[in-house]
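Breakdown of the fold
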Amino acid sequence: MIEPKTYTLPVPGAVLTYDVRQGQGSDHPVLLLIGSPMAASGFAALAGQFTDRTVVTYDPRGSERSQRTDGQPPGSLPGEHAEDLRLLIETLDAGPADVFASSGGAVNALVLVAEHPEVVRTLVAHEPPSARELPDSDAVLAVCDDISRTYQRSGFGPAMAKFIALVSYPGPIPPGFGEPAPDPAAFGLPAADDGSRNDPLLGPHMTACPGYQHDFSKLQAAPAHIVIGVGTQSAQMLAGRTGTAVAGRLGITPVTFPGGHDGFISDPSPFADVLREALDH
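These figures come from a predicted structure and were not determined experimentally.

The helix and strand inventory of the protein chain stands at 10 helices and eight strands. Here the C-alpha atoms of the protein chain give a radius of gyration of 18 Å, agreeing with the 19 Å that 2.2 N^0.38 yields for 281 residues. Burial analysis of the protein chain (281 residues in total) assigns 55% to the buried set. A sequence separation of at least 24 residues applies to 71% of the contacts in the protein chain between residues at least 6 apart. When the accessible area of the protein chain is evaluated, it comes to approximately 11600 Å², of which 54% is carbon and sulfur surface. Charge separation in the protein chain, taken as the distance between the mean sites of 17 positive and 32 negative side-chain charges, equals 3 Å.

Structure below.
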């Protein structure tokens, strides 16, 4: 296991914290493993599978160690995250880098490729929750808006219960989904409101990430090689369906990865095998 070295990077409105695991004797590009709002801690198992190359993980602004300095809520817009990633790659002098990006991080990385295509060699975007590309997008985005409003009104437990119900539902989201509201206790969540409103998932991210409209003409014109990944266990759930839809817009076939939306955590070794093949294409 390679021990990471931790650094900070001041960027407009935040200070980012990132970790570098220096690989041994490899000519491979630097590999960034990113999520959003998932921070670097969620990628430790996957990073440990790539000891032959330098691996960088980071906490997105507003998550864990990367705190905002502009007084804004923890959640951020995909464009802000994409600019942070550009600055990180340039600071590392690592471009064009390889990027594995999961969930909201995959949305942010697609924005990065569209706006700064020169800094990425290969992007493997695992289950980007780009709900605008779905036939049931109106229903999905209405639920996301309701989750955000529930969080502001009632706090973490009630909002997170609705989020879990949404992302674990197999198939298209029907109108009126989520009524009656799920019981937080059914998911082991607190029903009481502790008054905090600093969760990076349930704030602005909840609507900005799934509601982002990608520029597919820019993505198709970019020199970066783009791979869309979908989990075997999550293909019919929201993030799997959106990943397939994004691949369709790009005119490519999605790559199947082991496990579900968190397959890189639950099945890191077989997941890394598929990822390595996708990166080496």
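Looking now at the environment of Ala235. Position of Ala235 among the secondary structure elements: in the loop between β7 (225-231) and α8 (238-250). For Ala235, a relative accessible area of 25% corresponds to the partly exposed category. Separated by 65 residues in sequence, Ala235 and Pro170 place their C-alpha atoms 8.6 Å apart. When sequence neighbours within four positions are dropped, the list of residues in contact with Ala235 reads Val230, Gly240 and Arg241.

One finds Leu32, Ile34, Val99, Val113, Val120, Leu123 and Leu219 to be the most contacted residues of the largest nonpolar core, which totals 39 residues. In this structure, Leu219 is in contact with Leu110, Val113, Ala114, His214, Ile226 and Leu250, ignoring residues within four places of it in sequence. Formed by 22 residues, the second largest nonpolar core is a distinct cluster that contains Ala161, Ile173, Leu202 and Met206.

So, about the pattern of salt bridges. Taken as a whole and judged by the stated rule, the model has 17 salt bridges. Between Asp19 and Arg65 there is a salt bridge, with the nearest N and O atoms lying 2.8 Å from each other. On the criterion of sequence distance, the pair formed by Asp19 in strand β2 (residues 14-21) and Arg65 in the loop between β4 (55-59) and α2 (78-92) is long-range, its members being 46 residues apart. For Lys162, the salt bridge goes to Asp146, with nearest N and O atoms at 2.8 Å. Here Lys162, found in helix α5 (residues 156-167), pairs with Asp146, found in helix α4 (residues 137-154); they are 16 residues apart in sequence, far enough to count as distant. A relative accessible area of 11% means that Lys162 is categorised as buried. Sharing partners across several salt bridges, the network here consists of Asp145, Asp146, Arg149 and Lys162.

Right, let's talk about the sheet that holds strand β5 (residues 97-102) for a bit. Strand order in the open sheet formed by eight strands is β1-β2-β4-β3-β5-β6-β7-β8, and the pairing between neighbours is mixed. Among the strands making up the open sheet, the edge pair consists of β1 (5-11) and β8 (255-257). Each adjacent strand pair in this sheet contributes to an overall mean axis angle of 25 degrees, direction not counted. Those strands touched by helix α3 (residues 104-115) are β3 (31-34), β5, β6 (120-126) and β7, and its axis lies near 150 degrees from that of β6.

Summed over all chains, the structure comprises one cavity of 30 Å³ or more. Of the voids in this model, the largest cavity is the one considered here, and its volume is about 40 Å³. Across the lining of the largest cavity, the residue classes break down as four nonpolar, six polar and one charged.

With that settled, the discussion passes to α5. Along its 12 residues, α5 runs 16 Å from first to last C-alpha, staying within 8% of the 16 Å computed at 1.5 Å per residue. Those residues of α5 not exposed but buried are Gly157, Pro158, Ala159, Met160, Ala161, Lys162, Phe163 and Leu166.

Once that is clear, we can look at the packing of α2 against α3. At a closest axis distance of 8 Å, the pairing of α2 and α3 adopts a crossing angle of 70 degrees. Considered as vectors, α2 and α3 are oriented roughly perpendicular to each other. At the point where α2 passes α3, the crossing takes the right-handed sense. Residue-level inspection shows Pro78, Gly79, His81, Ala82, Leu85, Arg86 and Ile89 of α2 in contact with α3, the latter providing Val107, Asn108, Val111 and Leu112. By residue class, the composition of the contact of α2 with α3 is seven nonpolar, three polar and one charged.

Procedures and definitions
Residues numbered from 1 in each chain as written. Predicted model: local features only at pLDDT ≥ 70, side-chain atom pairs only at ≥ 80, totals over all residues. Heavy atoms only, no water. Helix = DSSP H or I, 4+ residues; strand = E, 2+ residues; numbered from the N terminus. Rg over C-alpha atoms; globule rule 2.2 N^0.38 Å. Buried < 20%, exposed > 50% of the residue type's maximum accessible area, 1.4 Å probe, protein only. Contact = heavy atoms within 4.5 Å. Areas by Shrake-Rupley, 256 points an atom, 1.4 Å probe, with all protein chains shown as cover. Lys, Arg positive; Asp, Glu negative; His and termini not counted. Charge placed at Lys NZ, Arg CZ, Asp CG, Glu CD. Core = buried A, V, L, I, M, F, W, Y, C linked by side-chain atoms within 4.5 Å. Salt bridge = Lys/Arg side-chain N within 4 Å of Asp/Glu carboxyl O. Pairing = 2+ DSSP bridges. Axes fitted to C-alpha atoms, helices over the stretch in contact; angles between N-to-C directions. 1 Å grid on protein atoms, 1.4 Å probe; cavity = no way out; pocket = protein on both sides within 12 Å on 5 of 7 lines; lining within 4 Å. Points joined across faces, edges and corners; volume = space filled by probe spheres on them. Nonpolar A, V, L, I, M, F, W, Y, C, P; charged D, E, K, R; others polar. Expected span 1.5 Å × (residues − 1). Parallel < 35°, antiparallel > 145°, perpendicular 65-115°, else oblique. Left-handed = near helix turned anticlockwise from the far one by under 90°.

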